[in-house]
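Chain by chain, the residues run as shown.
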Amino acid sequence: MVLMLCLSCGTKGTKKVITVSIEPQRALLEAIAGDRFEVRTLLPAGANPETFEPTIKTRKDIDDAMAYMAIGGMPFEDNIHHSLSSDVRYFDVSEGITPIYGTHDHGDGHDHDHDDMGADPHVWTSVKNARTMATNMLKALKDIDPSSTDYYTANYNVLIGKLDSLDRDFGRRLAQKSGTAFAVWHPSLSYFARDYGLRQISVGFENKEVSPAHMAHIAEEARQAGVRVLFFQREYDSRQAQSLARELSVNIITINPLDYDWQGQLENIVAALR
């Protein structure tokens, strides 16, 4: 009874809450946690995770939660981790994922060391990575609330079955596309491309203006690679992306990798590549 009362109120007398960084995490965690926790997302809709800074209110919400599950690799997560209340458990759900380096070209025509750019943080744009994240979430939930281990494990097994089915479906549909190149304004699909043997050609970096020289270089690279689709995220300025799409005579497809329905977003990407 004491344990149940403690879990129902969470830390500092608040509701039983877990905070995550982005919406795709919430989708995965809710599938496992069910009705045992309220899952709150830190990053607001439309915000850029690589430039986001939590407000004072947001920080208070995090400190009032039982746990914070980071996606790993986002700049704002390091600051939160180092200043997190001792009452809040911290988990990095990307543990065990092999990182990809060198994807975040600054678009300035200069070479940058991998250490300067860090690991590509878009680990959730991969069904295989989502499986690893789900496993880490299950371990965390069992640690936080061991009395509900069977409940979380049952939900996890259902989720893993769905993820494995989705991965097999994508692999089958893209089997004949191995080596196919696609362009993306921001390099958010690196892990997706690795999963299915595709080639990602990134155009820009964050929301910065791309130099004419770099744009010409990317256009030539895309043309030689036979690119037929350019993926674009709506939070970035679309003028240069539209110009590039016209120059290459390719379709421009708007995507939102940070959507709660991250699986639906990947479905759209697969359909466009097909």
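Above: the structure in question.
Residues numbered from 1 in each chain as written. Predicted model: local features only at pLDDT ≥ 70, side-chain atom pairs only at ≥ 80, totals over all residues. Heavy atoms only, no water.

## Points about empty space enclosed by the protein
In step 1: What the rule picks out here adds up to two cavities of 30 Å³ or more.
In step 2: Counted as a void, the second largest cavity has a volume near 30 Å³.
In step 3: Lining the second largest cavity are Thr125, Leu189, Pro257, Trp262, Gln265, Leu266 and Ile269.
In step 4: Residue composition of the lining of the second largest cavity, grouped by class: five nonpolar, two polar and no charged. (1 Å grid on protein atoms, 1.4 Å probe; cavity = no way out; pocket = protein on both sides within 12 Å on 5 of 7 lines; lining within 4 Å. Points joined across faces, edges and corners; volume = space filled by probe spheres on them. Nonpolar A, V, L, I, M, F, W, Y, C, P; charged D, E, K, R; others polar.)

## Examining the sheet that holds strand S3 (residues 67-70)
In step 1: One open sheet accounts for four strands, arranged S2-S1-S3-S4; its pairing is parallel. Looking along the sheet, the strands with just one partner apiece sit at the ends: strand S2 (38-41) and strand S4 (89-92). Between one strand axis and the next, the sheet turns by 25 degrees as a mean value, whatever way the strands run.
In step 2: Where helix H6 (residues 127-144) meets the sheet, it contacts strand S1 (17-20), S3 and S4, and its direction lies at approximately 165 degrees from that of S4. (Pairing = 2+ DSSP bridges. Helix = DSSP H or I, 4+ residues; strand = E, 2+ residues; numbered from the N terminus. Axes fitted to C-alpha atoms, helices over the stretch in contact; angles between N-to-C directions. Contact = heavy atoms within 4.5 Å.)

## Describing the sheet that holds strand S5 (residues 181-184)
In step 1: Read across the open sheet, the four strands follow the order S6-S5-S7-S8; overall the sheet is parallel. What marks the edges here is a single partner per strand, and that holds for strand S6 (199-202) and strand S8 (251-255). Each neighbouring strand pair of the sheet contributes to a mean axis angle of 30 degrees, computed without reference to strand direction.
In step 2: Across two bridges, the pairing between S5 and strand S7 (residues 229-233) is parallel. Following the sheet pairing, alanine 183 is matched in S7 by leucine 230.
In step 3: In this fold helix H10 (residues 239-248) packs onto S7 and S8, with an angle of close to 175 degrees to the strand it touches most, S7.

## Side note on the pairing of S2
In step 1: As judged from the four bridges shared by S1 and S2, these two strands associate in the parallel manner. In the sheet register, valine 17 faces S2, and the bridge partner there is glutamate 38.

## Details of unusual backbone geometry
In step 1: Not every positive phi belongs to a glycine, and serine 249 is a case in point at roughly 55 degrees.
In step 2: Within the fold, serine 249 resides in the loop between H10 and S8.
In step 3: Residue serine 249 is classed as exposed on the basis of its relative accessible area, which comes to 68%. (Buried < 20%, exposed > 50% of the residue type's maximum accessible area, 1.4 Å probe, protein only.)

## What about the side chain of asparagine 129?
In step 1: By the element assignment, asparagine 129 lies in helix H6.
In step 2: Those residues in contact with asparagine 129 that lie beyond four places of it in its chain are Ile97, Val123, Tyr191 and Arg194.

## As for the environment of phenylalanine 192
In step 1: Counting through the fold element by element, phenylalanine 192 comes out in helix H8 (residues 190-195).
In step 2: Taking the C-alpha atoms as reference points, phenylalanine 192 and histidine 122, separated by 70 residues in sequence, lie 9.3 Å from one another.
In step 3: For phenylalanine 192, the residues in contact, after removing those within four places along its chain, are Thr125, Ser126, Leu174, Leu198, Leu266, Ile269, Val270 and Leu273.

In short, the description is geometric, and any link to function would need to be established separately.
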